[in-house]
Amino acid sequence: MRMNLLLPAIIFAVALPATAAYLYYRATKDPTLRPLGVTKEELAATLGDEHVLDIVVEIDWGQNRMLATPKSEVEQAISQTLSAFALDHRFRHRDVPGEAVQITYVVAHNRFGPYTPVRAAEGIRAAVAAMQIMTSKE
């Protein structure tokens, strides 16, 4: 009889914290306590971009652009460069009027740019330096 109660009690004790955290998440939609499922995208949406420590690459694509390089190639080149520094990054694309293609790097409250695709490496250096300063404070 005692063994029959011991196993369910152990299972209950182990599952209680995760179940409580999940129920709190479902009630409040606060992703900070979501068990095993916190993503940077959810934290950025809930807390704001300045609380997520990564580089946001904003690319404004002019609707009448003359750039022959497709979006995917520009994104891939920037991503490869940032990956070499082992930094988390994500992209935001916006279609804007005009011909210009401009790239802006955002690290917390800091904005670097806009840069043309030819000068994009200059912005990467500035963003990487800002990330290193931000992470050294922690």
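Structure's up top.
Chemist: I'd like a rundown of the overall build of the protein chain, residues and numbers included.
Modeler: Counting its secondary structure elements, the protein chain contains four helices and four strands. For the protein chain, the succession of helices and strands along the chain, N to C, is α-α-β-α-β-β-β-α. Here the protein chain, with 138 residues, has 27% of them falling under the buried criterion. As presented, the protein chain carries roughly 9200 Å² of accessible surface, and 59% of it is formed by carbon and sulfur atoms.

Chemist: Break down a nonpolar patch on the surface for me, citing the residues and quoting the values.
Modeler: A cluster of nonpolar side chains, M3, L6, I10 and V14, forms an exposed patch at the surface whose accessible area comes to about 420 Å². Looking at the element boundaries, M3 is found in helix 1 (residues 2–28). We classify M3 as exposed; its relative accessible area is 62%.

Conventions adopted
- Residues numbered from 1 in each chain as written.
- Predicted model: local features only at pLDDT ≥ 70, side-chain atom pairs only at ≥ 80, totals over all residues.
- Heavy atoms only, no water.
- Helix = DSSP H or I, 4+ residues; strand = E, 2+ residues; numbered from the N terminus.
- Buried < 20%, exposed > 50% of the residue type's maximum accessible area, 1.4 Å probe, protein only.
- Areas by Shrake-Rupley, 256 points an atom, 1.4 Å probe, with all protein chains shown as cover.
- Patch = residues over 30% accessible without salt bridge, like charges linked within 9 Å, V, L, I, M, F, W, Y side chains within 5 Å.
- Salt bridge = Lys/Arg side-chain N within 4 Å of Asp/Glu carboxyl O.

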